[in-house]
Amino acid sequence: MPIWSVMPKKLLAGAIGSASARVMISSVVKEEPLGIDEVMDILDEPRVVIAYSHELERATAELKAANKRLKELDRLKDEFISTVTHELRTPLTSVRSISEILYDNPDIDAAQQKSFLGIIIKESERLTRLIVQVLDFQKIESGKMEWEISRVDFREVIKDAILSTSRLIQDEKVKIESNLPDSFPLIDGDKDRLIQVMVNLISNSIKFCERDQGVISINLTAKSDHLKVDVRDNGIGISRKNQKIIFQEFQQVKDTSTGRPPGSGLGLAITKRIVDFHKGKIRVKSRPGKGSTFSFTLPL
Ligand code: ADP
């Protein structure tokens, strides 16, 4: 039997016993009956003990929940290390083998050389992205991120993010459209981090759309006291159950047929933390096979 279910009863019995004993002893020692206030004070002690025992029960339940969460985080961290190791090894292996082919075959024709070099560039970018994500997450978690706040035009943020992902858009032959208002109020925020939010959402949309078939649309609207951004795609979608976990660090959705998707599972965790820092809210609406819409708000 758990200790906390026994302890309050024992404490209570002890407290009532000691309170009654003290009433009797005080009467004998003083050789006169105790005043009603004194008796009430002494008899009030069990009530304090009951309150204390409830507090104890609550704290124990909290500790149990925290312990469960820590165990889960520990498991996820182990999984994360194997994911990151895999994510580092895969591009490194291809960079190395392609470099060896180029080194061993100096006469290889120019077109082939160019295509090999293209792969090296892409894989190096993938490596850089992973390292930047891990470092960013660590900086945010340890409170060491240096935020640079200025007046930001969110239409610029969206345009810059589309520009940063243009190569991916071209490679995957995705159609991307953005509906941006002609004029838009400025917000206070860290422009580079907000671009990072948009880049993460756009890259995920591209990643989870079928090649050649992807359509992504970005909407920006101003409400009374906040702006709203929607990034909608026609990709594989996310089940209700998985929608609950994808904003947590290290979480990826594993598919029984395709296995683990590429990435570190940190993209949305970082995205959510950046939105949270700006006092906004992010959520997803999706159904498997029916695409996903990631929407977030930021105060104006
Ligand atoms: P990563 O950095 O590995 O891409 P994220 O945190 O960005 O991880 O995303 C976590 C998981 O959420 C992904 O592995 C994927 O399963 C799911 N996900 C995110 N965006 C989309 C999307 N647009 N469509 C379908 N699934 C998505």
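Please read all numbers here as calculations on a predicted model, not as lab measurements.

Procedures and definitions
Residues numbered from 1 in each chain as written. Predicted model: local features only at pLDDT ≥ 70, side-chain atom pairs only at ≥ 80, totals over all residues. Heavy atoms only, no water. Helix = DSSP H or I, 4+ residues; strand = E, 2+ residues; numbered from the N terminus. Buried < 20%, exposed > 50% of the residue type's maximum accessible area, 1.4 Å probe, protein only. Contact = heavy atoms within 4.5 Å. Areas by Shrake-Rupley, 256 points an atom, 1.4 Å probe, with all protein chains shown as cover. Axes fitted to C-alpha atoms, helices over the stretch in contact; angles between N-to-C directions. Parallel < 35°, antiparallel > 145°, perpendicular 65-115°, else oblique. Left-handed = near helix turned anticlockwise from the far one by under 90°. Nonpolar A, V, L, I, M, F, W, Y, C, P; charged D, E, K, R; others polar. Core = buried A, V, L, I, M, F, W, Y, C linked by side-chain atoms within 4.5 Å. Salt bridge = Lys/Arg side-chain N within 4 Å of Asp/Glu carboxyl O. Near = heavy atom within 4 Å. Polar contact = N/O pair within 3.5 Å; in protein donor to acceptor, adjacent residues only side chain to side chain. Phe/Tyr/Trp six-rings, centres within 6.5 Å; stacked < 30°, edge-to-face > 60°.

In this section: the overall build of the protein. A count of helices and strands for the protein gives eight helices and seven strands. Within the protein, the fraction of its 300 residues that count as buried is 36%. At a minimum sequence separation of 6, the contacts of the protein that also span at least 24 residues come to 71%. Of the roughly 18900 Å² of accessible surface on the protein, 57% is carried by carbon and sulfur atoms.

Our focus in this paragraph is the packing of helix α3 (residues 110-141) against helix α8 (residues 267-277). For any two helices packed against each other, the geometry comes down to the angle between their axes and how far apart the axes lie. At a minimum axis distance of 10 Å, the contact between α3 and α8 shows a crossing angle of 40°. Taken together, the axes of α3 and α8 are oblique relative to one another. In this structure, the crossing between α3 and α8 has a hand that is left-handed. Within the contact between the two elements, α3 uses Gln133, Asp136, Phe137, Ile140 and Glu141 and α8 uses Gly267, Ala269, Ile270, Arg273 and Ile274.

This paragraph deals with the packing of helix α6 (residues 191-207) against α8. Packing of α6 against α8 leaves a shortest axis separation of 9 Å and a crossing angle of 145°. Viewed along their axes, α6 and α8 form a crossing whose handedness is left-handed. Contacts between α6 and α8 pair Arg193, Gln196, Val197, Asn200, Leu201 and Asn204 from the former with Gly267, Leu268, Ile270, Thr271, Ile274 and Val275 from the latter. Residue composition of the contact of α6 with α8, by class: six nonpolar, five polar and one charged.

Residues Phe154, Met198, Val229 and Phe296 are the most contacted members of the largest nonpolar core, which totals 45 residues. The element best represented in this core is α6, accounting for seven residues. With sequence-adjacent residues up to four places away left out, Phe296 is seen in contact with Phe154, Val197, Met198, Leu201, Leu227, Lys228, Val229, Val275, Lys281 and Ile282. If you look at the next biggest cluster of nonpolar residues, it comprises five residues, including Ile98, Leu102, Phe116 and Ile120.

Turning next to the pattern of salt bridges. Applying the stated rule across the entire model yields 15 salt bridges. Asp230 serves as the salt-bridge partner of Lys228, at 3.0 Å between the closest nitrogen and oxygen. What makes Lys228 partly exposed here is its relative accessible area of 22%. Here the residues in one salt-bridge network are Glu55, Arg58 and Glu62, joined through shared partners.

Attention now goes to the site of the ligand. Taken together, 23 residues surround the ligand, and among them Asn204, Lys207, Gln252, Gly265 and Leu268 come closest. Between Asn204 and the ligand, the recorded distance is 2.9 Å, taken from a side-chain N or O atom to an oxygen atom. Burial of the ligand by the protein amounts to 97% of the accessible area it has alone, namely 550 Å². It is α6 that provides the largest number of residues to the shell around the ligand, a total of three residues. Residue composition of the shell around the ligand, by class: ten nonpolar, eleven polar and two charged.

Now for the environment of Arg273. With respect to the element layout, Arg273 can be found in helix α8. As for Arg273 and Phe247, which are separated by 26 residues in sequence, their C-alpha atoms are 9.2 Å apart. Beyond its immediate stretch of four places on either side in the chain, Arg273 contacts Phe137, Ile140, Glu141 and Glu249.

Within the secondary structure, Ser142 is located in the loop between α3 and β1 (149-152). Classification of Ser142 by relative accessible area gives partly exposed; the value is 34%. Reaching out from Ser142, the side chain makes a polar contact with the backbone oxygen of Lys139 at a distance of 3.3 Å.

Under the counting rule described, the total for this entry stands at three aromatic pairs. Seen from their ring centres, Trp147 and Phe277 are 3.8 Å apart, and the 5° between their planes marks the pair as stacked. Residue Trp147 is found in the loop between α3 and β1, and its partner Phe277 is found in helix α8; the two are separated by 130 residues along the sequence. On the basis of relative accessibility, which here comes to 22%, the residue Trp147 falls in the partly exposed class. Considering the side-chain rings of Phe247 and Phe294, the 6.1 Å spacing of their centres and the 75° angle between planes classify their relative orientation as edge-to-face. Of this pair, Phe247 sits in the loop between α7 (240-243) and α8 while Phe294 is found in strand β7 (residues 292-299), placing the two residues 47 residues apart along the sequence. Across the pair, exposure class does not vary: Phe247 and Phe294 are buried alike.

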